[in-house]
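Here is how the chains run, residue by residue.
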Amino acid sequence: DITGGAPEMNKEFRRLVREVRQMGLKVIDRGNLTVLSLEGQEDLAQFLADQGVEVVASMPCNSPDNVDAQRGDGVFDKSIEGLQKLNAAGYGDPDTGLTL
């Protein structure tokens, strides 16, 4: 269970995930959906899917104004974009076995 706000930003994140998965262990990434929109993270959703990582993320509510007020301007839209990237990688599709 990897957590910390945006653990994906740690330079060792992908190496850690690969090594843990090679040992046959489950990996849960409790991250920040907006990280999927950052430069250098364009392939993150596909990496998580390829590794079979369970993704856990949260939003405080479904109102763009409230989310942005609590987490910063544009966070709601970036979070939705992140969810869409995860969906495109197979998360949310019951046939993939990927958990979001």
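Scroll up to find the structure this text is about.
Being a predicted model, the structure only gives us computed values, none of them experimental. (Residues numbered from 1 in each chain as written. Predicted model: local features only at pLDDT ≥ 70, side-chain atom pairs only at ≥ 80, totals over all residues. Heavy atoms only, no water.)

## Thoughts on the overall build of the chain
Moving on, step 1. Along the chain, the regular secondary structure elements total four helices and two strands.
Moving on, step 2. Its C-alpha radius of gyration of 13 Å places the chain within 12% of the 13 Å reference for a compact globule of 100 residues.
Moving on, step 3. The buried share of the chain, taken over its 100 residues, is 36%.
Moving on, step 4. In the chain, 64% of the contacts between residues at least 6 apart in sequence involve partners at least 24 apart. (Helix = DSSP H or I, 4+ residues; strand = E, 2+ residues; numbered from the N terminus. Rg over C-alpha atoms; globule rule 2.2 N^0.38 Å. Buried < 20%, exposed > 50% of the residue type's maximum accessible area, 1.4 Å probe, protein only. Contact = heavy atoms within 4.5 Å.)

## Some details on the environment of Leu38
Moving on, step 1. Along the chain, Leu38 turns up in the loop between β1 (28-30) and α2 (44-51).
Moving on, step 2. Classification of Leu38 as partly exposed rests on a relative accessible area of 37%.
Moving on, step 3. Along the sequence, Leu38 and Lys78 sit 40 residues apart, while their C-alpha atoms lie 9.5 Å from each other.

## Some remarks on the nonpolar core
Moving on, step 1. By size, the foremost hydrophobic cluster in this structure holds 19 residues, and its most contacted members are Phe13, Val17, Leu44, Leu48, Leu86 and Tyr91.
Moving on, step 2. It is α2 that provides the largest number of residues to this core, a total of five residues.
Moving on, step 3. In contact with Leu48, other than residues within four places in its own chain, are Phe13, Asp29, Val53, Val55, Leu86 and Tyr91. (Core = buried A, V, L, I, M, F, W, Y, C linked by side-chain atoms within 4.5 Å.)

## Examining the pattern of salt bridges
Moving on, step 1. Counting across every chain of the model gives five salt bridges.
Moving on, step 2. One salt bridge in this structure joins Arg15 and Glu19, with 3.1 Å as the shortest N-O distance. Here Glu19 and Arg15 lie together in helix α1 (residues 13-22), a separation of four residues that amounts to about one turn.
Moving on, step 3. The exposure class of Arg15 is partly exposed, given its relative accessible area of 40%.
Moving on, step 4. A relative accessible area of 39% means that Glu19 is categorised as partly exposed. (Salt bridge = Lys/Arg side-chain N within 4 Å of Asp/Glu carboxyl O.)

## As for the side chain of Thr34
Moving on, step 1. One can find Thr34 in the loop between β1 and α2.
Moving on, step 2. Once residues lying within four places of it in the same chain are set aside, the contact partners of Thr34 are Val75, Lys78 and Ser79.

## Remarks on the side chain of Asp29
Moving on, step 1. With respect to the secondary-structure elements, Asp29 resides in strand β1.
Moving on, step 2. Buried and unpaired, Asp29 has no salt bridge, with Arg30 as the nearest side chain of opposite charge at 8.4 Å.
Moving on, step 3. Beyond its immediate sequence surroundings of up to four residues, Asp29 is in contact with Ile2, Pro7, Glu8, Phe13, Leu48, Val53, Glu54, Val55 and Val56. (Lys, Arg positive; Asp, Glu negative; His and termini not counted.)

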